There are 2 protein chains.
Amino acid sequence: MQHAYNVYEDRCPTRMVLDRLADKWAVLILDRLQDGPVRFNHIRRDIKGISQKVLSQTLRRLERDGLVSRSIFPTVPVTVEYALTPLGSTLTDTISALSHWAEKNMDAVLAAQHAYDQTRDAG
Amino acid sequence: MQHAYNVYEDRCPTRMVLDRLADKWAVLILDRLQDGPVRFNHIRRDIKGISQKVLSQTLRRLERDGLVSRSIFPTVPVTVEYALTPLGSTLTDTISALSHWAEKNMDAVLAAQHAYDQTRDAG
DNA sequence: CGGGATCCATATCGATACTG
DNA sequence: CAGTATCGATATGGATCCCG
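Quick caveat: nothing in here was measured; it's all calculated off a predicted structure. (Residues numbered from 1 in each chain as written. Chains lettered and ligands numbered in written order. Predicted model: local features only at pLDDT ≥ 70, side-chain atom pairs only at ≥ 80, totals over all residues. Heavy atoms only, no water.)

Peer 1: What's the story with the overall build of chain A in this structure? I'm lost.
Peer 2: From N to C terminus, chain A includes six helices and three strands. Across chain A, helices and strands are ordered from the amino to the carboxyl terminus as α-α-β-α-α-β-β-α-α. For a compact globule of 123 residues, the expected C-alpha radius of gyration is about 14 Å, and chain A comes in at 18 Å, more than 25% above that figure. Projected onto its principal axes, the C-alpha coordinates of chain A cover approximately 65 × 45 × 25 Å. Looking at the 123 residues of chain A, the share that counts as buried comes to 46%. For chain A, long-range pairs separated by at least 24 residues make up 41% of all intrachain contacts whose partners lie at least 6 apart in sequence. Per element, the accessible surface of chain A, about 6,600 Å² overall, is 50% carbon and sulfur. In chain A, the 16 positive side-chain charges and the 15 negative ones have mean positions that sit 8 Å from each other. (Helix = DSSP H or I, 4+ residues; strand = E, 2+ residues; numbered from the N terminus. Rg over C-alpha atoms; globule rule 2.2 N^0.38 Å. Buried < 20%, exposed > 50% of the residue type's maximum accessible area, 1.4 Å probe, protein only. Contact = heavy atoms within 4.5 Å. Areas by Shrake-Rupley, 256 points an atom, 1.4 Å probe, with all protein chains shown as cover. Lys, Arg positive; Asp, Glu negative; His and termini not counted. Charge placed at Lys NZ, Arg CZ, Asp CG, Glu CD.)

Peer 1: Can you help me understand unusual backbone geometry in this one?
Peer 2: Most peptide bonds are trans, and most residues other than glycine sit at a negative phi. Of note, the bond from A:Val76 into A:Pro77 is cis; its omega dihedral lies within 30 degrees of zero at 0°. Tracing the backbone through its elements, the reader meets A:Pro77 in the loop between strand S2 (68–73) and strand S3 (79–84). Located in the positive-phi region is B:Arg11, a residue other than glycine, with phi close to 55°. Along the chain, B:Arg11 turns up in the segment before helix H1 (13–21). B:Arg11 sits in the exposed class, given a relative accessible area of 75%.

Peer 1: It is not clear to me how the sheet that holds strand S1 (residues 38–39) of chain A should be interpreted in this structure. Could you clarify?
Peer 2: In a beta sheet, neighbouring strands are held together by backbone hydrogen bonds and run either parallel or antiparallel to one another. Residue and element names in this part refer to chain A. Pairing is antiparallel in the open sheet, where three strands are placed in the order S1-S3-S2. Both edges of this open sheet fall to S1 and S2, since each of them pairs with a single strand only. The pairing of S2 with S3 spans six bridges and is antiparallel. Each bridged residue has a counterpart across the sheet, and for Val 68 the counterpart in S3 is Leu 84. (Pairing = 2+ DSSP bridges.)

Peer 1: Help me understand the packing of aromatic side chains in this model?
Peer 2: The way to describe two aromatic rings as a pair is by their centre distance and the angle between their planes. Tallied over the full model, the rule gives zero aromatic pairs over all chains. Against the face of A:Trp25 rests A:Lys24, its NZ or CZ located 4.3 Å from the ring centre. (Phe/Tyr/Trp six-rings, centres within 6.5 Å; stacked < 30°, edge-to-face > 60°. Lys NZ or Arg CZ within 6 Å of the ring centre and 35° of its normal.)

Peer 1: When you look at the relation of the copies chain B and chain A in this model, what are you seeing that I'm missing?
Peer 2: Superposition of chain B onto chain A requires a rotation of 180° combined with a translation of 0.0 Å along the rotation axis, giving an RMSD of 0.0 Å. Between the two chains, the operation in question is that of a two-fold axis. Minimal C-alpha separation from the rotation axis in chain B is found for B:Ala22, amounting to 2.2 Å. When the interface residues of chain B are mapped onto chain A, 98% of them again lie at the interface, so the same face is used by both copies. (Least-squares fit on C-alpha atoms with pLDDT ≥ 70 in both.)

Structural data, given as structure tokens:
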């Protein structure tokens, strides 16, 4: 039989998974990892505005969810690399589609917002 | 020239757009609207666990962003239908890919979480 | 370098009450 | 039916300090 859950059900595992994916920082991080392993502070620098705490938390969650792997190299100081797991790789198309959509349609959204605000001001 | 912004820049329009899309409720609502116009309380019933306040707020944002249209029919009591705009329709493939991924890979994620928690308990 | 721990401001959400 | 307004709990995020 099929799953007893679907994404429309409350407090089901599927919803929990979606809850993780539908997170701005998670999307940005997964997107950033597409080209290969990246180190902690490298991600931190690339994704402007993310705090170290949030980056750390999000990476930990993605690791727990099996989407991202964490490799420690015993250099001095220590080197830590994050990379997509095979499972995480199956998400990249969707994730990058999302951020690319945002870039492509930014202008249309901005215009819509402006129009919406105009009608509100006038009304 | 291309846009001066990309999704990795802080406080840029692209990031704002992604911030809207990377929202669990927005994803669920857009997903629900794929099959045609739906009324407010219909969405509310279908998406288990969403409060009327959050549904209202999210719909308003999606409308402002030009992704969802709102049609009022002067029946008694009033009927309001929400539907995807043409712009919103360009998102449906990506959005449904996201929720479908969640449903398909739920088990793998759950297993990964379990394994992660095990190693943590043991260590 | 790669974080964990803590403190504090703010944002978010659920519940409730009220309206055209 | 389809909301808005308000209040209180809670979750989230930023800033800071510290450590191996």
